[in-house]
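# Observations on the three-dimensional arrangement
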Amino acid sequence: MFKKILIANRGEIALRIIRTCKEMGIKTVAVYSTADADSLHVRFADEAVCIGPPPSRESYLKIPRILAAAEITNAEAIHPGYGFLAENAEFSRICGEHNIKFIGPQPEMISAMGDKATARENMLRYGVPIIPGSDGIIKTAKEGEAVAAEIGFPVIIKASAGGGGRGMRIVNEASEFASQFNAARNEADAAFGNPAVYIEKFLVKPRHVEIQIMGDRHGTIQHFGERDCSMQRRHQKLIEESPSPIMTPELRDEMGQAAIRAAETVHYEGAGTIEFLVDKDLNFYFMEMNTRIQVEHPVTEEVTNVDLIRLQIEVAAGLPLSRKPLKMRGHAIECRINAEDPQYGFRPSAGRITTFHMPGGHSVRVDTHAYALYNVPSNYDSMIAKLIVSAPTRNEAISRMKRALNEFVIEGIKTTIPYQIQIMNDPNFVNGNFDTKYLETTFQFNPHSESQ
Ligand code: MV4
(Lines give C-alpha, C1' and ligand atoms only; values in the text may rest on other atoms or scores of the structure.)
Protein backbone atom coordinates (compact mmCIF):
# COMPACT_ATOMS: atom_id res chain seq x y z
CA MET A 1 0.00 0.00 0.00
CA PHE A 2 1.04 3.61 -0.59
CA LYS A 3 2.64 5.44 2.33
CA LYS A 4 1.89 8.92 1.05
CA ILE A 5 -0.66 10.35 -1.42
CA LEU A 6 -0.81 13.84 -2.89
CA ILE A 7 -4.30 15.21 -3.48
CA ALA A 8 -4.38 17.34 -6.65
CA ASN A 9 -7.63 19.07 -5.77
CA ARG A 10 -9.33 21.41 -3.32
CA GLY A 11 -12.63 21.80 -1.49
CA GLU A 12 -14.81 19.04 -0.15
CA ILE A 13 -13.38 16.29 -2.34
CA ALA A 14 -9.83 16.99 -1.13
CA LEU A 15 -11.09 16.60 2.46
CA ARG A 16 -13.05 13.50 1.52
CA ILE A 17 -9.89 11.86 0.16
CA ILE A 18 -7.75 12.95 3.13
CA ARG A 19 -10.26 11.38 5.54
CA THR A 20 -10.08 7.98 3.87
CA CYS A 21 -6.26 8.19 3.69
CA LYS A 22 -6.17 8.80 7.46
CA GLU A 23 -8.34 5.75 8.07
CA MET A 24 -5.97 3.71 5.88
CA GLY A 25 -2.83 4.98 7.65
CA ILE A 26 -1.65 6.83 4.54
CA LYS A 27 0.09 10.22 4.86
CA THR A 28 -1.38 13.06 2.79
CA VAL A 29 -0.03 16.05 0.90
CA ALA A 30 -2.34 18.93 0.02
CA VAL A 31 -1.63 21.39 -2.77
CA TYR A 32 -3.29 24.79 -2.71
CA SER A 33 -3.54 28.13 -4.44
CA THR A 34 -3.09 31.35 -2.48
CA ALA A 35 -6.91 31.74 -2.51
CA ASP A 36 -7.14 28.50 -0.50
CA ALA A 37 -4.46 29.14 2.13
CA ASP A 38 -7.15 29.04 4.86
CA SER A 39 -8.91 25.98 3.44
CA LEU A 40 -9.55 22.94 5.58
CA HIS A 41 -7.82 20.58 3.12
CA VAL A 42 -4.60 22.47 3.84
CA ARG A 43 -5.09 22.10 7.60
CA PHE A 44 -6.19 18.47 7.58
CA ALA A 45 -3.34 17.20 5.38
CA ASP A 46 -0.02 16.14 6.90
CA GLU A 47 1.85 18.44 4.52
CA ALA A 48 0.82 21.25 2.19
CA VAL A 49 2.50 22.87 -0.80
CA CYS A 50 1.42 26.18 -2.32
CA ILE A 51 1.31 25.78 -6.10
CA GLY A 52 0.37 29.23 -7.33
CA PRO A 53 -2.09 32.13 -7.51
CA PRO A 54 -5.92 31.80 -7.48
CA PRO A 55 -6.68 31.10 -11.17
CA SER A 56 -6.90 27.32 -11.76
CA ARG A 57 -4.74 27.57 -14.87
CA GLU A 58 -1.92 28.87 -12.67
CA SER A 59 -2.39 26.37 -9.84
CA TYR A 60 -4.68 23.32 -9.80
CA LEU A 61 -4.24 22.81 -13.57
CA LYS A 62 -0.49 23.44 -13.65
CA ILE A 63 0.96 19.94 -14.13
CA PRO A 64 4.68 20.77 -13.56
CA ARG A 65 3.92 22.42 -10.21
CA ILE A 66 1.86 19.46 -9.00
CA LEU A 67 4.53 16.99 -10.08
CA ALA A 68 7.18 19.11 -8.34
CA ALA A 69 5.08 19.11 -5.16
CA ALA A 70 4.81 15.31 -5.34
CA GLU A 71 8.55 14.95 -5.88
CA ILE A 72 9.69 17.22 -3.05
CA THR A 73 7.31 15.50 -0.60
CA ASN A 74 8.05 11.95 -1.83
CA ALA A 75 4.40 11.20 -2.56
CA GLU A 76 4.04 7.86 -4.37
CA ALA A 77 0.59 8.46 -5.78
CA ILE A 78 -1.69 11.33 -6.82
CA HIS A 79 -5.45 11.38 -6.35
CA PRO A 80 -6.96 13.90 -8.79
CA GLY A 81 -10.50 14.04 -7.31
CA TYR A 82 -13.03 15.34 -9.87
CA GLY A 83 -12.73 18.28 -12.24
CA PHE A 84 -9.32 19.93 -12.77
CA LEU A 85 -6.91 17.20 -14.03
CA ALA A 86 -9.07 14.16 -13.20
CA GLU A 87 -9.83 13.32 -16.86
CA ASN A 88 -6.66 14.68 -18.39
CA ALA A 89 -4.96 11.81 -20.27
CA GLU A 90 -1.75 13.82 -20.51
CA PHE A 91 -1.61 14.17 -16.71
CA SER A 92 -2.21 10.44 -16.22
CA ARG A 93 0.61 9.71 -18.72
CA ILE A 94 3.08 12.16 -17.14
CA CYS A 95 2.42 10.77 -13.65
CA GLY A 96 3.25 7.32 -14.98
CA GLU A 97 6.45 8.56 -16.61
CA HIS A 98 7.53 10.02 -13.27
CA ASN A 99 6.81 6.76 -11.43
CA ILE A 100 3.96 8.35 -9.55
CA LYS A 101 0.79 6.28 -9.49
CA PHE A 102 -2.16 8.20 -10.93
CA ILE A 103 -5.18 7.07 -8.90
CA GLY A 104 -7.39 6.65 -11.92
CA PRO A 105 -7.33 5.01 -15.34
CA GLN A 106 -4.47 4.77 -17.83
CA PRO A 107 -4.21 7.60 -20.40
CA GLU A 108 -5.50 5.37 -23.23
CA MET A 109 -8.70 4.64 -21.28
CA ILE A 110 -9.30 8.34 -20.62
CA SER A 111 -8.70 9.22 -24.29
CA ALA A 112 -10.90 6.44 -25.66
CA MET A 113 -13.84 7.52 -23.48
CA GLY A 114 -13.10 11.25 -23.83
CA ASP A 115 -13.61 10.95 -27.58
CA LYS A 116 -17.37 10.43 -27.63
CA ALA A 117 -17.63 9.23 -31.24
CA THR A 118 -14.96 6.59 -30.57
CA ALA A 119 -16.73 5.57 -27.35
CA ARG A 120 -19.99 5.14 -29.29
CA GLU A 121 -18.33 2.92 -31.89
CA ASN A 122 -16.78 0.79 -29.13
CA MET A 123 -20.17 0.39 -27.42
CA LEU A 124 -21.74 -0.74 -30.67
CA ARG A 125 -19.05 -3.42 -31.07
CA TYR A 126 -19.52 -4.68 -27.50
CA GLY A 127 -23.32 -4.77 -27.65
CA VAL A 128 -23.97 -1.84 -25.32
CA PRO A 129 -27.19 -0.12 -26.46
CA ILE A 130 -26.54 3.27 -28.07
CA ILE A 131 -28.96 5.92 -29.28
CA PRO A 132 -29.69 5.53 -33.02
CA GLY A 133 -27.39 7.85 -34.96
CA SER A 134 -24.28 8.18 -37.09
CA ASP A 135 -21.52 5.59 -37.37
CA GLY A 136 -18.74 7.78 -36.04
CA ILE A 137 -17.92 11.30 -37.10
CA ILE A 138 -19.95 13.22 -39.70
CA LYS A 139 -17.77 15.36 -41.97
CA THR A 140 -20.25 17.18 -44.21
CA ALA A 141 -23.74 18.61 -43.85
CA LYS A 142 -24.86 16.42 -46.74
CA GLU A 143 -23.70 13.26 -44.96
CA GLY A 144 -25.45 14.43 -41.79
CA GLU A 145 -28.70 15.20 -43.59
CA ALA A 146 -28.79 11.64 -44.89
CA VAL A 147 -28.36 10.21 -41.37
CA ALA A 148 -31.03 12.59 -40.00
CA ALA A 149 -33.48 11.62 -42.75
CA GLU A 150 -32.95 7.98 -41.85
CA ILE A 151 -33.36 8.26 -38.04
CA GLY A 152 -35.93 11.09 -38.20
CA PHE A 153 -36.08 14.50 -36.57
CA PRO A 154 -35.43 15.86 -34.00
CA VAL A 155 -31.72 15.00 -33.98
CA ILE A 156 -28.90 16.22 -31.77
CA ILE A 157 -25.44 17.13 -33.04
CA LYS A 158 -22.76 16.53 -30.41
CA ALA A 159 -19.09 17.47 -30.30
CA SER A 160 -16.96 14.35 -30.16
CA ALA A 161 -14.55 16.11 -27.79
CA GLY A 162 -17.45 17.54 -25.74
CA GLY A 163 -19.42 15.98 -22.93
CA GLY A 164 -21.41 17.01 -19.90
CA GLY A 165 -23.71 19.04 -22.11
CA ARG A 166 -21.08 21.22 -23.76
CA GLY A 167 -21.13 21.54 -27.54
CA MET A 168 -24.60 20.23 -28.43
CA ARG A 169 -27.18 21.45 -30.99
CA ILE A 170 -30.72 20.19 -31.41
CA VAL A 171 -32.13 20.20 -34.95
CA ASN A 172 -35.91 19.96 -35.36
CA GLU A 173 -36.27 19.88 -39.15
CA ALA A 174 -34.28 19.26 -42.32
CA SER A 175 -34.25 22.93 -43.39
CA GLU A 176 -32.24 23.91 -40.27
CA PHE A 177 -29.74 21.10 -40.54
CA ALA A 178 -26.91 22.62 -42.58
CA SER A 179 -26.70 25.86 -40.62
CA GLN A 180 -26.83 24.05 -37.25
CA PHE A 181 -24.24 21.54 -38.45
CA ASN A 182 -21.80 24.29 -39.42
CA ALA A 183 -22.44 26.18 -36.18
CA ALA A 184 -21.84 23.00 -34.15
CA ARG A 185 -18.52 22.31 -35.91
CA ASN A 186 -17.32 25.88 -35.42
CA GLU A 187 -18.32 25.84 -31.76
CA ALA A 188 -16.61 22.51 -31.20
CA ASP A 189 -13.44 23.76 -32.86
CA ALA A 190 -13.42 26.94 -30.77
CA ALA A 191 -14.22 25.18 -27.48
CA PHE A 192 -12.20 21.96 -27.80
CA GLY A 193 -9.76 22.58 -30.67
CA ASN A 194 -11.52 19.74 -32.49
CA PRO A 195 -14.43 20.28 -34.93
CA ALA A 196 -15.50 16.62 -35.02
CA VAL A 197 -19.23 16.06 -34.44
CA TYR A 198 -21.60 13.08 -34.55
CA ILE A 199 -25.37 12.73 -34.67
CA GLU A 200 -27.96 11.02 -32.50
CA LYS A 201 -31.73 10.87 -32.47
CA PHE A 202 -32.83 13.48 -29.89
CA LEU A 203 -34.66 11.80 -27.03
CA VAL A 204 -37.42 13.98 -25.58
CA LYS A 205 -37.48 14.23 -21.77
CA PRO A 206 -35.24 11.28 -20.91
CA ARG A 207 -34.07 10.42 -17.41
CA HIS A 208 -30.39 10.46 -16.54
CA VAL A 209 -29.47 7.23 -14.77
CA GLU A 210 -25.82 6.35 -14.26
CA ILE A 211 -24.09 3.20 -13.06
CA GLN A 212 -21.08 3.30 -10.75
CA ILE A 213 -18.40 0.80 -11.71
CA MET A 214 -14.94 -0.09 -10.47
CA GLY A 215 -12.24 -2.03 -12.32
CA ASP A 216 -9.11 -3.65 -10.90
CA ARG A 217 -5.75 -4.45 -12.52
CA HIS A 218 -6.68 -8.14 -12.75
CA GLY A 219 -9.56 -7.66 -15.17
CA THR A 220 -12.44 -7.69 -12.69
CA ILE A 221 -15.08 -5.02 -13.20
CA GLN A 222 -17.93 -4.64 -10.70
CA HIS A 223 -20.94 -2.35 -10.62
CA PHE A 224 -22.40 -0.64 -7.56
CA GLY A 225 -25.89 0.14 -8.74
CA GLU A 226 -27.29 3.36 -10.10
CA ARG A 227 -27.81 7.01 -9.31
CA ASP A 228 -30.67 9.07 -10.72
CA CYS A 229 -29.34 12.50 -11.69
CA SER A 230 -32.35 13.82 -13.60
CA MET A 231 -32.92 16.71 -11.15
CA GLN A 232 -30.56 19.19 -12.74
CA ARG A 233 -30.64 22.57 -14.44
CA ARG A 234 -28.33 23.82 -17.14
CA HIS A 235 -26.34 20.60 -16.89
CA GLN A 236 -25.68 21.28 -13.20
CA LYS A 237 -26.99 18.48 -11.03
CA LEU A 238 -28.74 19.72 -7.90
CA ILE A 239 -30.13 16.52 -6.40
CA GLU A 240 -29.00 12.93 -6.90
CA GLU A 241 -30.37 9.74 -5.42
CA SER A 242 -29.91 6.01 -5.25
CA PRO A 243 -31.78 3.87 -6.08
CA SER A 244 -33.49 5.57 -9.02
CA PRO A 245 -37.27 5.83 -8.47
CA ILE A 246 -37.76 4.06 -11.83
CA MET A 247 -35.44 1.13 -11.10
CA THR A 248 -36.42 -2.53 -10.85
CA PRO A 249 -34.08 -5.38 -9.91
CA GLU A 250 -34.27 -6.67 -13.51
CA LEU A 251 -33.48 -3.30 -15.09
CA ARG A 252 -30.62 -2.77 -12.62
CA ASP A 253 -29.13 -6.08 -13.57
CA GLU A 254 -29.42 -5.29 -17.30
CA MET A 255 -27.99 -1.79 -16.96
CA GLY A 256 -25.29 -3.01 -14.58
CA GLN A 257 -24.18 -5.68 -17.06
CA ALA A 258 -24.27 -3.16 -19.92
CA ALA A 259 -22.12 -0.78 -17.83
CA ILE A 260 -19.61 -3.54 -17.15
CA ARG A 261 -19.44 -4.31 -20.90
CA ALA A 262 -18.95 -0.60 -21.59
CA ALA A 263 -15.99 -0.51 -19.20
CA GLU A 264 -14.61 -3.72 -20.67
CA THR A 265 -14.27 -2.06 -24.09
CA VAL A 266 -11.16 -0.33 -22.70
CA HIS A 267 -10.18 -2.90 -20.00
CA TYR A 268 -11.07 -0.19 -17.53
CA GLU A 269 -9.21 0.27 -14.24
CA GLY A 270 -10.36 2.49 -11.38
CA ALA A 271 -13.64 4.20 -10.55
CA GLY A 272 -15.91 5.11 -13.44
CA THR A 273 -19.47 6.02 -14.23
CA ILE A 274 -21.49 4.96 -17.25
CA GLU A 275 -24.18 7.54 -18.00
CA PHE A 276 -27.36 6.29 -19.61
CA LEU A 277 -30.42 8.07 -20.91
CA VAL A 278 -33.63 6.19 -20.12
CA ASP A 279 -36.84 6.79 -22.07
CA LYS A 280 -40.49 6.49 -20.94
CA ASP A 281 -40.60 2.80 -21.89
CA LEU A 282 -37.46 2.17 -19.79
CA ASN A 283 -35.26 1.60 -22.84
CA PHE A 284 -31.75 2.67 -21.86
CA TYR A 285 -28.94 3.97 -24.05
CA PHE A 286 -25.25 4.63 -23.41
CA MET A 287 -24.55 8.36 -23.35
CA GLU A 288 -20.98 8.73 -22.10
CA MET A 289 -18.50 7.43 -19.56
CA ASN A 290 -16.90 9.56 -16.85
CA THR A 291 -13.45 8.25 -15.99
CA ARG A 292 -13.29 9.72 -12.48
CA ILE A 293 -14.90 9.63 -9.05
CA GLN A 294 -17.97 11.86 -9.23
CA VAL A 295 -19.42 14.53 -6.98
CA GLU A 296 -22.47 12.34 -6.27
CA HIS A 297 -20.54 9.18 -5.27
CA PRO A 298 -21.73 9.41 -1.61
CA VAL A 299 -25.29 8.29 -2.40
CA THR A 300 -23.83 5.05 -3.75
CA GLU A 301 -21.62 4.75 -0.65
CA GLU A 302 -24.61 5.14 1.64
CA VAL A 303 -26.74 2.44 0.00
CA THR A 304 -23.92 -0.04 -0.71
CA ASN A 305 -21.91 0.58 2.48
CA VAL A 306 -18.70 0.78 0.40
CA ASP A 307 -16.04 3.51 0.73
CA LEU A 308 -15.43 4.21 -2.98
CA ILE A 309 -12.34 6.34 -2.32
CA ARG A 310 -10.78 3.47 -0.35
CA LEU A 311 -11.58 1.11 -3.23
CA GLN A 312 -9.98 3.54 -5.70
CA ILE A 313 -6.80 3.60 -3.62
CA GLU A 314 -6.80 -0.18 -3.18
CA VAL A 315 -7.20 -0.97 -6.89
CA ALA A 316 -4.58 1.68 -7.76
CA ALA A 317 -2.19 -0.17 -5.42
CA GLY A 318 -2.91 -3.40 -7.32
CA LEU A 319 -5.26 -5.08 -4.83
CA PRO A 320 -8.07 -7.16 -6.33
CA LEU A 321 -11.76 -6.30 -6.00
CA SER A 322 -13.64 -8.57 -3.58
CA ARG A 323 -16.22 -9.80 -6.15
CA LYS A 324 -18.85 -9.81 -3.40
CA PRO A 325 -22.37 -9.68 -4.85
CA LEU A 326 -23.94 -6.21 -4.83
CA LYS A 327 -26.12 -5.48 -1.81
CA MET A 328 -28.07 -2.23 -1.77
CA ARG A 329 -29.95 -1.15 1.32
CA GLY A 330 -32.43 1.70 1.75
CA HIS A 331 -32.43 5.00 -0.06
CA ALA A 332 -29.98 7.91 -0.16
CA ILE A 333 -30.43 11.47 -1.46
CA GLU A 334 -27.81 14.17 -1.96
CA CYS A 335 -28.42 17.91 -2.24
CA ARG A 336 -25.58 19.98 -3.66
CA ILE A 337 -25.47 23.20 -1.64
CA ASN A 338 -24.09 25.90 -3.92
CA ALA A 339 -23.09 29.48 -3.11
CA GLU A 340 -25.64 30.77 -5.63
CA ASP A 341 -28.81 32.84 -5.43
CA PRO A 342 -31.79 30.85 -6.77
CA GLN A 343 -33.89 34.04 -6.71
CA TYR A 344 -31.65 35.61 -9.35
CA GLY A 345 -30.97 32.88 -11.88
CA PHE A 346 -28.50 31.06 -9.62
CA ARG A 347 -25.93 33.82 -9.89
CA PRO A 348 -22.76 33.09 -7.89
CA SER A 349 -22.73 34.43 -4.34
CA ALA A 350 -19.10 34.35 -3.20
CA GLY A 351 -17.84 36.02 -0.02
CA ARG A 352 -17.57 35.47 3.70
CA ILE A 353 -19.83 32.99 5.47
CA THR A 354 -20.83 34.61 8.76
CA THR A 355 -22.87 31.77 10.26
CA PHE A 356 -22.39 28.11 9.43
CA HIS A 357 -24.41 25.57 11.31
CA MET A 358 -24.50 22.05 9.90
CA PRO A 359 -27.34 19.58 10.35
CA GLY A 360 -26.71 16.33 12.17
CA GLY A 361 -28.60 13.43 13.67
CA HIS A 362 -29.41 9.97 12.41
CA SER A 363 -28.14 9.11 8.91
CA VAL A 364 -27.18 12.66 7.96
CA ARG A 365 -23.82 13.23 6.28
CA VAL A 366 -22.33 16.58 5.29
CA ASP A 367 -19.28 16.64 3.01
CA THR A 368 -17.94 20.19 3.08
CA HIS A 369 -14.82 22.28 3.36
CA ALA A 370 -16.75 25.32 4.58
CA TYR A 371 -16.95 26.65 8.16
CA ALA A 372 -18.02 29.81 10.00
CA LEU A 373 -15.98 32.82 8.74
CA TYR A 374 -14.77 30.85 5.69
CA ASN A 375 -14.46 33.06 2.62
CA VAL A 376 -15.93 31.43 -0.51
CA PRO A 377 -13.48 32.36 -3.27
CA SER A 378 -14.96 33.42 -6.61
CA ASN A 379 -12.31 31.56 -8.62
CA TYR A 380 -13.76 28.07 -8.40
CA ASP A 381 -16.91 25.98 -8.54
CA SER A 382 -19.70 27.34 -6.34
CA MET A 383 -20.48 24.08 -4.55
CA ILE A 384 -19.74 24.56 -0.83
CA ALA A 385 -21.34 21.46 0.69
CA LYS A 386 -23.06 18.19 -0.08
CA LEU A 387 -25.85 17.14 2.23
CA ILE A 388 -26.48 13.41 2.05
CA VAL A 389 -29.19 11.59 3.96
CA SER A 390 -30.20 7.96 4.00
CA ALA A 391 -33.26 6.09 5.27
CA PRO A 392 -35.01 2.76 4.75
CA THR A 393 -37.43 4.17 2.14
CA ARG A 394 -37.45 7.06 -0.35
CA ASN A 395 -40.28 8.85 1.48
CA GLU A 396 -38.40 8.66 4.76
CA ALA A 397 -35.26 9.94 3.03
CA ILE A 398 -37.23 12.93 1.68
CA SER A 399 -38.57 13.71 5.19
CA ARG A 400 -35.07 13.45 6.62
CA MET A 401 -33.65 15.68 3.86
CA LYS A 402 -36.33 18.28 4.53
CA ARG A 403 -35.50 18.20 8.23
CA ALA A 404 -31.76 18.46 7.55
CA LEU A 405 -32.10 21.29 4.99
CA ASN A 406 -34.13 23.25 7.53
CA GLU A 407 -31.47 22.66 10.19
CA PHE A 408 -28.70 23.94 7.91
CA VAL A 409 -27.96 27.62 8.63
CA ILE A 410 -25.63 29.46 6.27
CA GLU A 411 -25.51 33.26 6.54
CA GLY A 412 -23.45 35.90 4.77
CA ILE A 413 -23.93 34.38 1.31
CA LYS A 414 -26.92 33.08 -0.66
CA THR A 415 -27.31 29.35 -1.16
CA THR A 416 -29.50 26.86 -3.02
CA ILE A 417 -31.03 25.54 0.25
CA PRO A 418 -34.44 27.33 -0.12
CA TYR A 419 -34.75 25.94 -3.67
CA GLN A 420 -33.98 22.42 -2.50
CA ILE A 421 -36.48 22.66 0.39
CA GLN A 422 -39.16 23.48 -2.18
CA ILE A 423 -38.16 20.52 -4.33
CA MET A 424 -38.52 18.21 -1.31
CA ASN A 425 -42.09 19.53 -0.98
CA ASP A 426 -42.87 19.25 -4.70
CA PRO A 427 -45.49 16.52 -5.44
CA ASN A 428 -43.82 15.61 -8.74
CA PHE A 429 -40.47 15.07 -7.03
CA VAL A 430 -42.11 13.12 -4.20
CA ASN A 431 -43.86 10.89 -6.78
CA GLY A 432 -40.66 10.33 -8.75
CA ASN A 433 -42.35 12.04 -11.67
CA PHE A 434 -39.49 13.98 -13.30
CA ASP A 435 -37.00 13.93 -16.16
CA THR A 436 -33.91 15.90 -17.22
CA LYS A 437 -36.06 18.83 -18.39
CA TYR A 438 -38.25 19.01 -15.28
CA LEU A 439 -36.45 21.76 -13.33
CA GLU A 440 -36.04 23.99 -16.38
CA THR A 441 -39.50 23.58 -17.88
CA THR A 442 -41.98 22.68 -15.14
CA PHE A 443 -40.76 23.34 -11.61
CA GLN A 444 -41.39 26.90 -10.38
CA PHE A 445 -39.30 28.30 -7.55
CA ASN A 446 -41.12 30.76 -5.29
CA PRO A 447 -38.53 32.86 -3.42
CA HIS A 448 -41.12 34.07 -0.89
CA SER A 449 -42.55 30.66 -0.10
CA GLU A 450 -42.86 29.73 3.57
CA SER A 451 -42.82 26.02 2.75
CA GLN A 452 -40.76 23.96 5.14
C1 MV4 B 1 -28.99 13.77 -25.30
C2 MV4 B 1 -30.28 14.17 -24.94
C3 MV4 B 1 -31.32 13.71 -25.70
N4 MV4 B 1 -31.07 12.91 -26.77
N5 MV4 B 1 -28.80 12.97 -26.34
C6 MV4 B 1 -26.69 16.36 -21.97
C7 MV4 B 1 -25.39 16.07 -21.35
C8 MV4 B 1 -24.63 15.30 -22.34
N9 MV4 B 1 -23.87 14.30 -21.68
C10 MV4 B 1 -25.66 14.73 -23.25
N11 MV4 B 1 -26.91 15.34 -22.92
C12 MV4 B 1 -28.06 14.98 -23.53
N13 MV4 B 1 -27.91 14.16 -24.59
C14 MV4 B 1 -29.83 12.56 -27.05
N15 MV4 B 1 -29.62 11.78 -28.12
C16 MV4 B 1 -30.44 15.00 -23.83
C17 MV4 B 1 -29.34 15.42 -23.13
C18 MV4 B 1 -29.62 16.28 -22.04
C19 MV4 B 1 -29.38 15.88 -20.71
C20 MV4 B 1 -28.85 14.65 -20.40
C21 MV4 B 1 -28.63 14.27 -19.10
C22 MV4 B 1 -28.98 15.14 -18.07
C23 MV4 B 1 -29.50 16.36 -18.36
C24 MV4 B 1 -29.72 16.75 -19.68
C25 MV4 B 1 -30.26 18.03 -19.94
C26 MV4 B 1 -30.45 18.39 -21.23
C27 MV4 B 1 -30.13 17.54 -22.27
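An account of the accompanying structure is given in this report. (Residues numbered from 1 in each chain as written. Predicted model: local features only at pLDDT ≥ 70, side-chain atom pairs only at ≥ 80, totals over all residues. Heavy atoms only, no water.)

Okay, the overall build of the chain next. The helix and strand tally for the chain stands at 15 helices and 22 strands. Taking 452 residues into account, the globule formula puts the C-alpha radius of gyration at 22 Å, and the chain, at 22 Å, falls close to it. Principal-axis analysis of the C-alpha atoms gives the chain an extent of 60 × 55 × 45 Å. Residue burial in the chain is summarised as follows: out of 452 residues, 58% are buried. Of all intrachain contacts in the chain linking residues separated by at least 6 positions in sequence, the fraction that spans at least 24 positions is 66%. Entry remark: accessible area of the chain is about 18,700 Å², with carbon and sulfur atoms responsible for 48%. (Helix = DSSP H or I, 4+ residues; strand = E, 2+ residues; numbered from the N terminus. Rg over C-alpha atoms; globule rule 2.2 N^0.38 Å. Buried < 20%, exposed > 50% of the residue type's maximum accessible area, 1.4 Å probe, protein only. Contact = heavy atoms within 4.5 Å. Areas by Shrake-Rupley, 256 points an atom, 1.4 Å probe, with all protein chains shown as cover.)

Glancing now at the sheet that holds strand β9 (residues 207–215). An order of β13-β12-β9-β10-β11-β14-β21-β19 is seen for the eight strands of this open sheet, with the pairing classed as antiparallel. The strands lining the two open edges of the sheet, one partner per strand, are β13 (284–290) and β19 (364–368). Averaged over all pairs of adjacent strands, the angle between strand axes in this sheet comes to 25°, irrespective of strand direction. The pairing of β9 with strand β10 (residues 221–233) spans six bridges and is antiparallel. Bridging from a neighbouring strand, Met214 pairs with Gln222 of β10. Packed on one face of the sheet, helix α10 (residues 297–304) meets β9, β10, β11 (236–242), β14 (331–338), β19 and β21 (383–391) and runs near 155° to β14. (Pairing = 2+ DSSP bridges. Axes fitted to C-alpha atoms, helices over the stretch in contact; angles between N-to-C directions.)

Turning to the pattern of salt bridges, a few remarks are in order. Applying the stated rule across the entire model yields 24 salt bridges. Ionic pairing is found between Arg10 and Asp36, a salt bridge with its closest N-O pair at 2.7 Å. Taken as a pair, Arg10 in the loop between β1 (4–7) and α1 (11–23) and Asp36 in the loop between β2 (27–33) and α2 (40–44) lie far apart in primary sequence, 26 residues in all. In this structure, Arg10 and Asp36 share a single accessibility class: buried. The closest approach of N and O atoms between Arg336 and Glu296, which form a salt bridge, is 2.9 Å. Taken together, the residues Arg336 in strand β14 and Glu296 in the loop between β13 and α10 connect sequence positions 40 residues apart. Judged by its relative accessible area of 10%, Arg336 is buried. (Salt bridge = Lys/Arg side-chain N within 4 Å of Asp/Glu carboxyl O.)

Let us look at the sheet that holds strand β8 (residues 197–201). The three strands lie next to each other as β7-β6-β8, forming an open sheet whose pairing is antiparallel. Whereas interior strands pair on both sides, the edge strands pair on one side only; in this sheet they are β7 (166–171) and β8. With direction set aside, neighbouring strand axes in the sheet form an average angle of 25°. With five bridges connecting them, strand β6 (residues 155–163) and β8 associate as antiparallel partners. By the bridge assignment, Val155 is partnered in β8 with Lys201.

With that out of the way, let us pick up the packing of helix α7 (residues 141–151) against helix α8 (residues 174–192). α8 packs onto α7 with a crossing angle of 140° between their chain directions and a minimal axis gap of 10 Å. Of the possible angle classes, the one that applies to α7 and α8 is oblique. As α7 runs across α8, the sense of the crossing is right-handed. Side by side, α7 and α8 meet where Ala141, Gly144, Glu145 and Ala148 of the first sit next to Ala174, Phe177, Ala178 and Phe181 of the second. Taken together, the residues of the contact of α7 with α8 break down into six nonpolar, one polar and one charged. (Parallel < 35°, antiparallel > 145°, perpendicular 65-115°, else oblique. Left-handed = near helix turned anticlockwise from the far one by under 90°. Nonpolar A, V, L, I, M, F, W, Y, C, P; charged D, E, K, R; others polar.)

Attention now goes to the side chain of Thr20. The topology assignment puts Thr20 in helix α1. Side-chain polar atoms of Thr20 contact the side chain of Asp307, separated by 2.8 Å. (Polar contact = N/O pair within 3.5 Å; in protein donor to acceptor, adjacent residues only side chain to side chain.)

This part is about the site of the ligand. What surrounds the ligand is a group of 19 residues, the closest being Lys158, Glu200, Lys201, Leu203 and Glu288. Here a nitrogen atom of the ligand and a backbone polar atom of Leu203 are 2.8 Å apart. Glu288 has a polar side-chain atom sitting 2.8 Å from a nitrogen atom of the ligand. Going through the elements one at a time, β6, β8, β12 (270–278) and β13 are the ones with two or more residues in the shell around the ligand. Here the shell around the ligand is built from residues that sort into seven nonpolar, six polar and six charged. Viewed by domain, the shell around the ligand spans two of them, domain 2 (132–201) and domain 3 (207–441), each represented by three or more residues. (Near = heavy atom within 4 Å. Domains from an automatic or database assignment.)

Tallying each qualifying case throughout the model produces twelve aromatic pairs. Judged by centre distance (5.8 Å) and plane angle (90°), the rings of Phe91 and Phe102 are edge-to-face. A residue pair is termed long-range when its members are at least 10 positions apart, and Phe91 in helix α4 (residues 89–97) and Phe102 in strand β5 (residues 101–102) qualify at eleven residues. Since its relative accessible area comes to 4%, Phe102 is described here as buried. Taken together, the ring pairs connect Phe346, Tyr419, Tyr438, Phe443 and Phe445 into an aromatic cluster. One residue, Arg207, lies across the ring of Phe434, its end atom 4.2 Å from the ring centre. Here Arg347 stacks its cationic end above the ring of Tyr344, 4.4 Å away from the centre of that ring. (Phe/Tyr/Trp six-rings, centres within 6.5 Å; stacked < 30°, edge-to-face > 60°. Lys NZ or Arg CZ within 6 Å of the ring centre and 35° of its normal.)

Following Phe153, the chain continues into Pro154 via a peptide bond in cis, with omega recorded as -5°. As for its placement among the helices and strands, Pro154 is situated in the loop between α7 and β6. With omega at -5°, the peptide bond leading from Ser242 into Pro243 counts as cis. At Phe84, a position not held by glycine, the phi torsion is positive, near 40°. Here Phe84 falls in the partly exposed class, since its relative accessible area comes to 27%. We note that Arg234 has phi near 50°; this positive angle belongs to a residue other than glycine. In this fold, Arg234 is placed in the loop between β10 and β11.

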